[in-house]
Amino acid sequence: AVVSTQSTGAYFKRYQVKYRRRREGKTDYYARKRLIIQNKNKYNTPKYRLVVRFTNKVIIAQVAYATIEGDKIVCDARSSELPRYGIKTGLTNYPASYAVGLLLARRLNQKYGLDETYTGVEEVDGEEYYVEKEGERGAFYCVLDTGLSRTSSGARIFGVLKGAVDGGLDIPHSSKRFPGYNTETDENNAAAHRARILGEHISSYMQTLLDDDEDAYKRQFATYKKEGIMPDMIEGMYTKAHAAIRADPSPAAKKEKPEGYKPKSYRRPRMSIQQRKGRVAQQKAAFLALH
């Protein structure tokens with residue numbers, strides 16, 4: 001028989017509610033503590049993190065550091081910016097992840113005047129790459145913050161990491177989690193990783209559907225078809241986007257709001273005393289009419 005244990009009053013007196021973001025299942029505080037705790041003899045030296053998060057429609061990459069008041073964002077890049085650089089659709093796949101990481105790295109290096117010193121890998125080759133110090137100033141150092149994402153081999157989150165490293169950021173990593181790594185031979189297949197970054201798996205699947213099942217192709221690649229993107233154009237699209245990102249990684253200028261602009265409000269405007277009295281009188285009259 002199942003015996004139910006009843007909690008005593010003492011249990012509830014000693015019960016401590018967990019942090020709100022733990023209750024919501026949003027933050028792994030065990031991991032966060034190890035990412036943000038700084039040695040006391042370093043005083044207020046920031047400990048930078050490359051924070052990568054995925055939604056259903058957007059990839060968000062930020063460089064942040066923790067303070068008592070909350071995290072401060074140093075630089076931000078999103079896949080919703082990629083249409084500016086020629087990637088019109090497929091904004092959450094592996095090639096888009098790489099492009100977001102590259103955009104973040106180039107934007108951050110431009111912000112600190114390191115873009116000419118640390119250019120990174122200018123042509124995608126999929127090879128293992130680590131930034132080395134050049135001159136007096138070292139490369140910008142940060143660590144990857146994956147949050148609650150599963151760190152499976154070949155995951156998109158490592159596409160962002162690879163893009164950031166190729167863009168000139170100093171991030172500790174190994175090639176064991178990248179696509180193309182062989183666990184049996186302990187070797188990284190750079191060609192396979194390059195193919196994934198440039199979307200060859202997408203173009204080959206598009207071509208397969210186009211040959212075998214055109215209805216499925218129209219259904220699954222409707223946005224590609226609408227933008228006029230064919231399977232043989234995929235690699236060129238990403239190559240041009242990488243060059244465009246390197247040419248101008250700065251964020252788009254904010255649109256100026258017209259003079260006298262008022263944001264839309266959904267709050268009911270405050271009623272005057274006459275309106276409130278009139279409303280009460282109407283309610284009384286409606287009630288008396290029913291009774």
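Please refer to the structure higher up on the page.
Small disclaimer: the values here were computed from a predicted structure and weren't measured.

1. Re the overall build of the protein chain
- In terms of regular secondary structure, the protein chain is built from eleven helices and six strands.
- Taken over C-alpha atoms, the radius of gyration comes to 27 Å for the protein chain, far larger than the 19 Å a tight globule of 291 residues would show.
- In terms of overall dimensions, the protein chain has a C-alpha envelope of 85 × 60 × 55 Å along the principal axes.
- Across the 291 residues that make up the protein chain, the buried fraction comes to 34%.
- Put simply, of all contacts in the protein chain between residues at least 6 apart along the chain, 61% involve residues at least 24 apart.
- Just so you have it, the protein chain exposes about 19,900 Å², and 49% of that area is on carbon and sulfur atoms.
- In the protein chain, the 51 positive side-chain charges and the 34 negative ones have mean positions that sit 19 Å from each other.

2. What about the sheet that holds strand E3 (residues 70-78)?
- Pairing is mixed in the open sheet, where four strands are placed in the order E3-E2-E1-E4. Strand pairing shows two members of the sheet lacking a second neighbour, E3 and strand E4 (143-145), which therefore form its edges. Along the sheet, successive strands turn relative to each other by an average axial angle of 30°, direction set aside.
- When strand E1 (residues 49-54) meets strand E2 (residues 59-67), the two strands line up antiparallel, connected through six bridges. Pairing of Arg53 across the sheet is with Ile60, part of E2.
- Those strands touched by helix H4 (residues 94-111) are E1, E2 and E3, and its axis lies near 115° from that of E3.
- Against the sheet, helix H5 (residues 156-166) makes contact with E1, E2 and E4, and its axis sits at roughly 140° relative to E1, the strand it touches most.

About the cut-offs
Residues numbered from 1 in each chain as written. Predicted model: local features only at pLDDT ≥ 70, side-chain atom pairs only at ≥ 80, totals over all residues. Heavy atoms only, no water. Helix = DSSP H or I, 4+ residues; strand = E, 2+ residues; numbered from the N terminus. Rg over C-alpha atoms; globule rule 2.2 N^0.38 Å. Buried < 20%, exposed > 50% of the residue type's maximum accessible area, 1.4 Å probe, protein only. Contact = heavy atoms within 4.5 Å. Areas by Shrake-Rupley, 256 points an atom, 1.4 Å probe, with all protein chains shown as cover. Lys, Arg positive; Asp, Glu negative; His and termini not counted. Charge placed at Lys NZ, Arg CZ, Asp CG, Glu CD. Pairing = 2+ DSSP bridges. Axes fitted to C-alpha atoms, helices over the stretch in contact; angles between N-to-C directions.

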